[in-house]
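One letter stands for each residue in the lines below.
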Amino acid sequence: MTEARAAADLAARHHEGLFRWALALSGRDGQEAMEIVQQTYVEVLEGRADVSSARDPRAFLFGVARRVAASRRRRRSIWGRVLRLEISRTPEPGGAGDPESEASAGERIDRVRRALGEISGRQAEVTALVFGEGLTVEEAAGVMGISVGSARTHYHRAKQRLARLLEGIDDVGGR
Amino acid sequence: MSAEDEIRKLIEEARDADSAPDFGSVWSRARARVGAGREGGGAWRWALGPAFALASAAAVALVTTALDTEDGATGGGAAIAARADAGRAGALLADLVAPEIPDGATDGVLGIDDDAERSPFDFAGLGAELETAMELAYGEAGSTAFPIEVGTDFLLTMEIPAWDGSGEGERNLL
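Here is what the cut-offs are and how they apply
- Residues numbered from 1 in each chain as written.
- Chains lettered and ligands numbered in written order.
- Predicted model: local features only at pLDDT ≥ 70, side-chain atom pairs only at ≥ 80, totals over all residues.
- Heavy atoms only, no water.
- Contact = heavy atoms within 4.5 Å.
- Buried area = accessible area lost by both parts, 1.4 Å probe.
- Salt bridge = Lys/Arg side-chain N within 4 Å of Asp/Glu carboxyl O.
- Helix = DSSP H or I, 4+ residues; strand = E, 2+ residues; numbered from the N terminus.
- 1 Å grid on protein atoms, 1.4 Å probe; cavity = no way out; pocket = protein on both sides within 12 Å on 5 of 7 lines; lining within 4 Å.
- Points joined across faces, edges and corners; volume = space filled by probe spheres on them.
- Nonpolar A, V, L, I, M, F, W, Y, C, P; charged D, E, K, R; others polar.
- Axes fitted to C-alpha atoms, helices over the stretch in contact; angles between N-to-C directions.
- Parallel < 35°, antiparallel > 145°, perpendicular 65-115°, else oblique.
- Left-handed = near helix turned anticlockwise from the far one by under 90°.
- Core = buried A, V, L, I, M, F, W, Y, C linked by side-chain atoms within 4.5 Å.
- Buried < 20%, exposed > 50% of the residue type's maximum accessible area, 1.4 Å probe, protein only.
- Phe/Tyr/Trp six-rings, centres within 6.5 Å; stacked < 30°, edge-to-face > 60°.

Asks: In this structure, what is going on with the interface of chain A and chain B? I would like to understand it.
Replies: A common way to report how large an interface is uses the accessible area buried once the components associate. In this assembly, 43 residues from chain A lie in contact with 29 residues from chain B. Among the residues chain A hides against chain B, the three largest losses belong to Gln38(A), Leu45(A) and Phe131(A). Together they make up 19% of the total. Inspection of the region where chain A meets chain B yields five salt bridges. Measuring nitrogen to oxygen at the nearest pair gives 2.8 Å for the salt bridge that ties Arg113(A) to Asp18(B).

Below, the structure written as structure tokens:
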């Protein structure tokens, strides 16, 4: 199997998770998330990010995406100040099913998203990685480039904050 | 179910509502961007290469003129004479002049036009050779002679006289 083919297979395996992670990194900006994912693949294809030597390819890809997002944020911040660019947002995808339960699920999802939007950067990141993508706190620390102790602290605070923000939905914060 | 599990469930529900764009199209665009980057890089190299070469040649010409003025030369720059020297081995400047040095070659530019005619894009290499030649010429108190290889049959020697502005030594021995 060629190197490019191996990289493509790996990327395809983690594409969904990578996009969701990019959504979290971009503050749920669909267009920006797609740009982050695409640029992450460019980094891999150009060999700047050697995924073949990574111990945990998924965590490695997520780490590359995080650096790409940070780089794009910096650039946008500079150009945004100069040109006052408006970043377009893609519409939220909708689901299909029973209108009543759909509305109820939709409201719940909206509330969860709003809550996620209210927690701070590092807490939001560790939440997306641990709750959203099923990484361990140790793996999340690797992706975020911080110590495990620091990641644990962010994780703990994120849980407390989310419990307060989501109080009243189902059983959250009920005990 | 603990609050933590409930949060996890809610986040997973929100996560599953997000649909990722098709992998194939994103990957293809990334590949196209990589390809375009390589082509763009090549184009830049093609565009900048000759520009740097020309700038290098122009810089050498300017330095030559400046030094010429400082030495009080009456114009015309270095007087160059060339003579056949079939017995000398080794070459300092390769392919710098044509086998027959025209009269116009005594203009201090060391036959640059002749060389440019043969190899119009090799200004960078020519500039470096010119620089070496000028350093040698100015480094000596008297005239400086160095051989020039012309093909494999015979050698020419360029003779650059002392830069005293007198014009002595401006002779063509060919």
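Asks: Before we go on, may I ask you to explain the side chain of His15(A) in this structure?
Replies: Positionally, His15(A) belongs in helix 1 (residues 3–25). The residues touching His15(A), leaving out its near neighbours within four places in the chain, are Val37(A), Tyr41(A), Ala20(B), Pro21(B), Asp22(B), Phe23(B) and Val26(B).

Asks: Could you clarify how one ought to interpret the layout of surface pockets in this entry?
Replies: Regions of empty space are outlined by a rolling probe, equal in size to a water molecule, passed over the atoms. Volume-wise, the largest pocket comes out at about 460 Å³. Among the elements of the structure, helix 1, helix 4 (99–118) and helix 5 (121–132) of chain A together with helix 1 (3–16) of chain B are those that each provide at least two residues to the lining of the largest pocket. The element contributing the most residues to the lining of the largest pocket is helix 5 of chain A, with six residues. Here the lining of the largest pocket is composed, by residue class, of ten nonpolar, six polar and eight charged.

Asks: It is not clear to me how the pattern of salt bridges should be interpreted in this structure. Could you clarify?
Replies: Opposite charge on two side chains allows them to pair when their charged atoms are near. Taken as a whole and judged by the stated rule, the model has 15 salt bridges over all chains. In this structure, Arg33(B) engages Glu35(A) in a salt bridge whose closest nitrogen and oxygen atoms are separated by 3.1 Å. Separated into two different chains, Arg33(B) in helix 2 (residues 23–70) and Glu35(A) in helix 2 (residues 30–45) make up a pair that spans both. Three or more residues are tied together by salt bridges with common partners; here these are Glu32(A), Glu35(A), Arg72(A) and Arg33(B).

Asks: Looking at this structure, I do not really get the packing of helix 1 of chain A against helix 2 of chain A. What am I missing?
Replies: All names here are of chain A. Packing of helix 1 against helix 2 leaves a shortest axis separation of 9 Å and a crossing angle of 150°. In terms of orientation, helix 1 lies roughly antiparallel with respect to helix 2. With respect to the hand of their crossing, helix 1 and helix 2 are arranged in right-handed fashion. Where helix 1 approaches helix 2, its residues Ala7, Ala11, His15, Leu18, Phe19, Ala22 and Leu23 are matched on the opposing element by Gly30, Ala33, Met34, Ile36, Val37, Thr40, Tyr41 and Val44. Within the contact of helix 1 with helix 2, the residues separate by chemical class into twelve nonpolar, three polar and no charged.

Asks: Is there a simple way to think about the nonpolar core in this case?
Replies: Grouped burial of nonpolar side chains is what soluble globular proteins tend to show. Of all hydrophobic cores here, the largest spans 60 residues; its most connected members are Leu18(A), Trp21(A), Tyr41(A), Leu129(A), Leu166(A) and Trp27(B). Ranked by residues supplied to this core, first place goes to helix 1 of chain A with ten residues. For Trp21(A), the residues in contact, after removing those within four places along its chain, are Phe62(A), Ala65(A), Arg66(A), Glu125(A), Ala128(A), Leu129(A), Glu133(A) and Val143(A).

Asks: Help me out: how do you make sense of the packing of helix 1 of chain A against helix 5 of chain A in this one?
Replies: Helix-helix packing is characterised by the crossing angle of the two axes and by the distance between the axes. Residues and elements named next belong to chain A. Interhelical geometry of helix 1 versus helix 5 gives an angle of 160° and a closest axis separation of 10 Å. The angle between the axes of helix 1 and helix 5 places the two elements in the roughly antiparallel class. Crossing angle aside, the handedness with which helix 1 passes helix 5 is right-handed. In this structure, helix 1 uses Trp21, Ala24 and Leu25 to contact helix 5, whose residues at the interface are Glu125, Ala128 and Leu129. Split by residue class, the contact of helix 1 with helix 5 holds five nonpolar, no polar and one charged.

Asks: Help me understand the packing of aromatic side chains, please; the structure alone is not making it clear to me.
Replies: In this description, a pair of aromatic rings is defined by centroid distance and the angle of the planes. Residues and elements named next belong to chain A. Per the stated rule, a full pass over the model turns up five aromatic pairs over all chains. Residues Trp21 and Phe62 carry aromatic rings whose centres are separated by 6.0 Å and whose planes lie at 15° to one another, so their mutual orientation is stacked. Placement of the pair is Trp21 in helix 1 and Phe62 in helix 3 (residues 57–83), with a sequence separation of 41 residues. The burial state of Trp21 is the same as that of Phe62; both residues are buried. When the ring of Phe131 is compared with that of Tyr155, the centres are 5.6 Å apart and the planes differ by 40°; the resulting orientation is tilted. Here the residue Phe131 occupies a position in helix 5, and Tyr155 occupies one in helix 7 (residues 148–165), the gap between them amounting to 24 residues. Accessibility classification places Phe131 together with Tyr155 in one group, the buried group.

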